[in-house]
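Chain by chain, the residues:
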Amino acid sequence: MMNLRRVKIASLPTDLYRMNRLSDYLGLDVYIKRDDNTGLALGGNKARKLEFLLGEALDKGSKSVITTGAVQSNHARQTAAACALSGLECHLVLEGGKSVPNQGNLLLDRLLGAEVHIVKDEDEANMYINALQAKLAAEGKNPYVIPVGGSTPVGAAGYFAAMMELFSQSREHGISFDKIIFASGSGGTHAGLLAGALCLGVAPSLLGVSVSRAAALLRRQTVDLANALLSRVGFPALATPSDVNVTDQFIGPGYGVPSDEAKEAIRLFAHLEGVLLDPVYTAKAAAALLHMAKEGTIQGNILFWHTGGSPVLFAMGDQII
Ligand SMILES: Cc1ncc(COP(=O)(O)O)c(C=O)c1O
C-alpha cells in the first residue's frame, strides 16, 4: 500500500461474521471482526500497526527497537513478538508497581526475549528511554523508538489498510455496516479506520470507546493523527473533529479497572459466542455496545471490532470472576 514499507507479520484477513446467539439475545444484527486472531503471540490490533512500524525500522537500518506502555501492555507483547520474528533487539520500558508478577503479557514479553525495564511512572519512562536510546545508538544499534500504543501516522496505516480489508469483505458478504464499535486508547486504531473510510468515500459511523482519556482530548488526538496519516500517504488531510465520534462514558472506575458492565460483557461474549474479551479494552467497548442495544439507540448492522487483549485475563482473574 502507498509509499510505506510493510512487513508481513499478521495473519490477515481476520474473520468477519455475524454473532448469531448474541444477535438473538440483543434483538440486533451484531457482527464481529476478529482482530484478536491476528496471530503474533496471541493476537490483537498491534500486529497490524507493527507491519508498518517495523517496515520503517528496517528501512532505517535499525537493529533495535524501544517501546513503552503499562506493565500489562498488549502493544509491548506484540512488539516483542514482531522483533523476535524480524531479528531485532527489543527493549520494553514498562510502568509498573514494586511487585510485578510474571503473568499475562509480562510473562510473554520475557518468553519472547525482550529486555524488560520496569519504571515507576511516565516521567521515569521518558528519562529511561532517552538514556537507553543514547546507549543503543552508541553501540551502533540505531534504535527505532515506538511511542505508547504504536500510534504514529505510520502505525495507524495498519488500520487504514484494515479499513480496505473490511471494505472488500463487506462487498463479498453483500453487507454494509451502520455502526462500527471498538476500544480506543491512544487513538491509532480509530485514526487509521477514519482515514481509510474518508479515502474510500464510505461513511460508516465509527464509535471509539475510550478506555482512559477524556473524549475531547481523544477526539483531538485522533483527528490530528488521521490527518498526519492522510498527508503521509499522499491524500488531502480532510478529517475534521466532527468526523470523530468518541465516548468516554464507559471508562468505569479507571484505566485497567474492570467496571461491572465490562464484567457482564466478558461473561456474555464468552457464554454466547465463545469469544474472549479483555477487561482493559474490549470489554469496555462491548459494554458500550450492550448499553446502546438495551437503550435502543443503535439499529441496523452493527460491527464490533475485537482488538485483542486476552492475555490480560490471566493477570487479572480475581478481579473478573
Ligand atoms: C486490546 C486493545 N484494544 C484496543 C487498544 C486501543 O488501540 P489504540 O491505542 O490504537 O487506540 C489497545 C491498545 O493498547 C489494545 O491493546
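Just so you know, these numbers come straight off a predicted model, no measurement behind them.

**Some details on the packing of aromatic side chains**
Inference 1: Overall, the coordinates contain five aromatic pairs when judged by the stated rule.
Inference 2: Between Phe160 and Phe235, the aromatic rings sit 6.2 Å apart at their centres with planes inclined by 35°, giving tilted as the arrangement. Separated by 75 residues along the polypeptide, Phe160 in helix α6 (residues 153-173) and Phe235 in the loop between α8 (215-232) and β9 (246-247) bring together distant segments of the chain.
Inference 3: Note on Phe160: relative accessible area 3%, which makes it buried.
Inference 4: Centroid distance Tyr255 to Tyr281: 6.0 Å. Interplanar angle 75°. Geometry classified as edge-to-face. Linking Tyr255 in the loop between β9 and α9 (260-273) with Tyr281 in the loop between α9 and α10 (282-295), this pair joins segments that are 26 residues apart in sequence.

**Some points on the site of the ligand**
Inference 1: Of all residues adjacent to the ligand, which total 16 residues, the nearest are Lys46, Lys49, Ser186, Thr189 and Thr307.
Inference 2: Between the ligand and Asn74 there is a distance of 2.9 Å, counted from an oxygen atom to a side-chain nitrogen or oxygen.
Inference 3: Measuring from an oxygen atom of the ligand, one finds a side-chain N or O atom of Tyr281 at 3.3 Å.
Inference 4: Protein coverage of the free-state accessible area of the ligand, which is 390 Å², stands at 97%.
Inference 5: For the shell around the ligand, the elements supplying multiple residues, two or more each, are α2 (46-59), β7 (179-184) and α7 (188-200).
Inference 6: Here the shell around the ligand is built from residues that sort into two nonpolar, twelve polar and two charged.
Inference 7: Here the shell around the ligand spans two domains, and each of domain 1 (16-45 + 151-320) and domain 2 (46-150) adds at least three residues to it.

**Examining the sheet that holds strand β6 (residues 144-146)**
Inference 1: Taking strand neighbours across the sheet as the criterion, the four strands line up as β5-β4-β3-β6 in an open arrangement whose pairing is parallel. For this open sheet the edge positions go to β5 (115-119) and β6, each flanked by a neighbour on one side alone. The average undirected angle you get between the axes of adjacent strands in this sheet is 20°.
Inference 2: Pairing geometry for strand β3 (residues 64-70) and strand β4 (residues 89-95), over seven bridges, is parallel. Note that in β4 the partner of Thr67 across the bridge is Leu92.
Inference 3: Contacting β3, β4, β5 and β6, helix α5 (residues 122-138) crosses the sheet at an angle of about 160° to β4.

**Points about the nonpolar core**
Inference 1: Among the nonpolar cores identified, the biggest contains 37 residues, and Phe269, Leu277, Leu289 and Phe304 are the most heavily contacted of them.
Inference 2: In terms of residue count, α10 provides more of this core than any other element does, nine residues in total.
Inference 3: Setting aside chain neighbours within four positions, we find Phe269 in contact with Met19, Leu22, Gly274, Val275, Leu277, Ala286, Leu289 and Phe304.

**Quick word on the sheet that holds strand β2 (residues 29-34)**
Inference 1: Taken in spatial order, the six strands make up an open sheet running β1-β2-β10-β7-β8-β9, and their pairing is mixed. Edge positions in the open sheet fall to β1 (16-18) and β9, since each of these has one partner strand only.
Inference 2: Along the sheet, α6 contacts β1, β2, β7, β8 (205-210) and β10 (301-306); its crossing angle with β10, the most-contacted strand, is approximately 140°.

**Description of the domain arrangement of the protein chain**
Inference 1: Segmenting the protein chain into domains produces domain 1 (16-45 + 151-320) and domain 2 (46-150).
Inference 2: For domain 1 versus domain 2, the separation of C-alpha centres amounts to 24 Å.
Inference 3: Opposite the 33 residues of domain 1 that make contact, domain 2 presents 25 residues.
Inference 4: Of all residues in domain 1, Leu40, Asn45 and Val154 bury the most surface against domain 2, accounting for 27% of the area lost on that side.
Inference 5: Where domain 1 packs against domain 2, one counts three salt bridges.

**Digging into the packing of α6 against α8**
Inference 1: In the contact formed by α6 and α8, the axes pass within 9 Å of each other and the chain directions differ by 85°. As the angle between them shows, α6 and α8 are arranged roughly perpendicular. Together, Pro153, Val154, Ala156, Ala157 and Phe160 of α6 and Leu225, Ala228, Leu229, Leu230 and Arg232 of α8 make up the contact between the two elements.
Inference 2: A breakdown of the residues in the contact of α6 with α8 according to their chemical character gives nine nonpolar, no polar and one charged.

**Thoughts on helix α4 (residues 104-111)**
Inference 1: Here α4 has its buried residues at Gly104, Asn105, Leu106, Leu108 and Asp109.
Inference 2: Close packing links the buried residues of α4 with α3 (74-86), β4 and β5.
Inference 3: One or two residues past the end of α4 sits Gly113, with phi positive at roughly 90°.

Criteria and thresholds
- Residues numbered from 1 in each chain as written.
- Predicted model: local features only at pLDDT ≥ 70, side-chain atom pairs only at ≥ 80, totals over all residues.
- Heavy atoms only, no water.
- Phe/Tyr/Trp six-rings, centres within 6.5 Å; stacked < 30°, edge-to-face > 60°.
- Helix = DSSP H or I, 4+ residues; strand = E, 2+ residues; numbered from the N terminus.
- Buried < 20%, exposed > 50% of the residue type's maximum accessible area, 1.4 Å probe, protein only.
- Near = heavy atom within 4 Å.
- Polar contact = N/O pair within 3.5 Å; in protein donor to acceptor, adjacent residues only side chain to side chain.
- Areas by Shrake-Rupley, 256 points an atom, 1.4 Å probe, with all protein chains shown as cover.
- Nonpolar A, V, L, I, M, F, W, Y, C, P; charged D, E, K, R; others polar.
- Domains from an automatic or database assignment.
- Pairing = 2+ DSSP bridges.
- Axes fitted to C-alpha atoms, helices over the stretch in contact; angles between N-to-C directions.
- Contact = heavy atoms within 4.5 Å.
- Core = buried A, V, L, I, M, F, W, Y, C linked by side-chain atoms within 4.5 Å.
- Buried area = accessible area lost by both parts, 1.4 Å probe.
- Salt bridge = Lys/Arg side-chain N within 4 Å of Asp/Glu carboxyl O.
- Parallel < 35°, antiparallel > 145°, perpendicular 65-115°, else oblique.

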